[in-house]
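What follows is the residue order along each chain.
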Amino acid sequence: MIPESIARASLSEIEEAIKPAGLQRAKARAIKELANLILEEFNGDMRKLLEMGEEKVRECLSKIPGIGHKTIDVLLANWGYPVLPVDTHIRRISKRMGLASSGGYVGIRESLHKYFRPSRRLEAHLLLIKLGRTICKSQNPRCDLCPLRRFCKYAQDRYIAVG
Ligand code: SF4
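Bear in mind that the values here come from a model prediction, so they are computed numbers and not experimental data.

Time to look at the overall build of the protein chain. Secondary structure summary: the protein chain contains 10 helices and zero strands in total. Mapped from its N terminus to its C terminus, the protein chain presents α and β elements in the order α-α-α-α-α-α-α-α-α-α. For the C-alpha atoms alone, the extent of the protein chain along its principal axes is close to 65 × 30 × 25 Å. Split into buried and exposed, the 163 residues of the protein chain put 39% on the buried side. The contacts of the protein chain with a sequence gap of at least 6 include a subset with a gap of at least 24, amounting to 49%. When the accessible surface of the protein chain is summed, it comes to about 10200 Å², and 55% of that surface belongs to carbon and sulfur atoms. For the protein chain, the centre of its 29 positive side-chain charges and the centre of its 18 negative side-chain charges are spaced 10 Å apart.

Below you can see the structure in the form of structure tokens.
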């Protein structure tokens, strides 16, 4: 059973296993705490936690230090909940496009939920990350190549500004 193995492992063993992902020290603690919670409160079965409903899952996981809104949303989205997790690329694109104002994480997510219907939110999350990595980069966004150019405030302002 995976939660049992993780709960038994030392922090340094977990750190070593997740090293390629980076930030292993903080992540290892959170992963170990999560494994303990799954073991103690859900008899080692992660599905029992995830099937409690979105709000209960949020409430339960947000008690673990190191697990934030984005991590919880990624878990929920991948379990089939209609959630659009917001990473650094999506935050940047949302602001440039004028889809979300300068609100915090939850404000941006809720704004995006108005634009993407529930069944497409995970797909939107993945596609927006891809766009952010390839075209709408932090420095020098390639608006000339962007399929969203027609809907984007940043591009419109820029093109209007240059005539
Ligand atoms: S048009 Fe430009 S600023 Fe807007 S999303 Fe595309 S690359 Fe980003």
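Alright, that's what it looks like, and here's the rest.
Here the focus is the packing of helix 5 (residues 54–61) against helix 6 (residues 69–78). Viewed as axis vectors pointing N to C, helix 5 and helix 6 meet at an angle of 145°, and their least axial separation amounts to 10 Å. For helix 5 against helix 6, the interelement crossing comes out right-handed. Contact residues: Glu54, Val57, Arg58 and Leu61 in helix 5; Ile72, Asp73, Leu75 and Leu76 in helix 6. The residue inventory of the contact of helix 5 with helix 6, partitioned by class, reads five nonpolar, no polar and three charged.

What follows concerns the side chain of Lys32. Along the chain, Lys32 turns up in helix 3 (residues 24–42). Of the buried charged residues, Lys32 lacks a salt bridge, with Glu13 as the closest side chain of opposite charge at 7.3 Å.

A few words on the site of the ligand. With respect to spatial proximity, the complete set of residues near the ligand consists of Arg96, Met97, Ile135, Cys136, Pro141, Cys143, Cys146, Arg149, Cys152, Tyr154 and Ala155. Only helix 7 (88–97) and helix 10 (153–161) provide two or more residues apiece to the shell around the ligand. Taken together, the residues of the shell around the ligand sort by class into nine nonpolar, no polar and two charged.

All right, on to unusual backbone geometry then. Look at Leu23: it is not a glycine, yet its phi comes out positive at around 50°. Looking at the element boundaries, Leu23 is found in the loop between helix 2 (11–18) and helix 3. Even without a glycine there, the phi angle at Asn43 is positive, about 55°. Along the chain, Asn43 turns up in the loop between helix 3 and helix 4 (46–50). For Asn43, a relative accessible area of 59% gives the class exposed.

A separate point is the confidence of the model for the protein chain. On average, residues of the protein chain score 93 in pLDDT, and 96% of them are at 70 or above. Of all the helices and strands in the protein chain, helix 10 carries the lowest mean pLDDT, 81, while helix 9 (residues 121–134) carries the highest, 98.

Rules and cut-offs
- Residues numbered from 1 in each chain as written.
- Predicted model: local features only at pLDDT ≥ 70, side-chain atom pairs only at ≥ 80, totals over all residues.
- Heavy atoms only, no water.
- Helix = DSSP H or I, 4+ residues; strand = E, 2+ residues; numbered from the N terminus.
- Buried < 20%, exposed > 50% of the residue type's maximum accessible area, 1.4 Å probe, protein only.
- Contact = heavy atoms within 4.5 Å.
- Areas by Shrake-Rupley, 256 points an atom, 1.4 Å probe, with all protein chains shown as cover.
- Lys, Arg positive; Asp, Glu negative; His and termini not counted.
- Charge placed at Lys NZ, Arg CZ, Asp CG, Glu CD.
- Axes fitted to C-alpha atoms, helices over the stretch in contact; angles between N-to-C directions.
- Left-handed = near helix turned anticlockwise from the far one by under 90°.
- Nonpolar A, V, L, I, M, F, W, Y, C, P; charged D, E, K, R; others polar.
- Salt bridge = Lys/Arg side-chain N within 4 Å of Asp/Glu carboxyl O.
- Near = heavy atom within 4 Å.
- pLDDT = per-residue confidence, 0-100.

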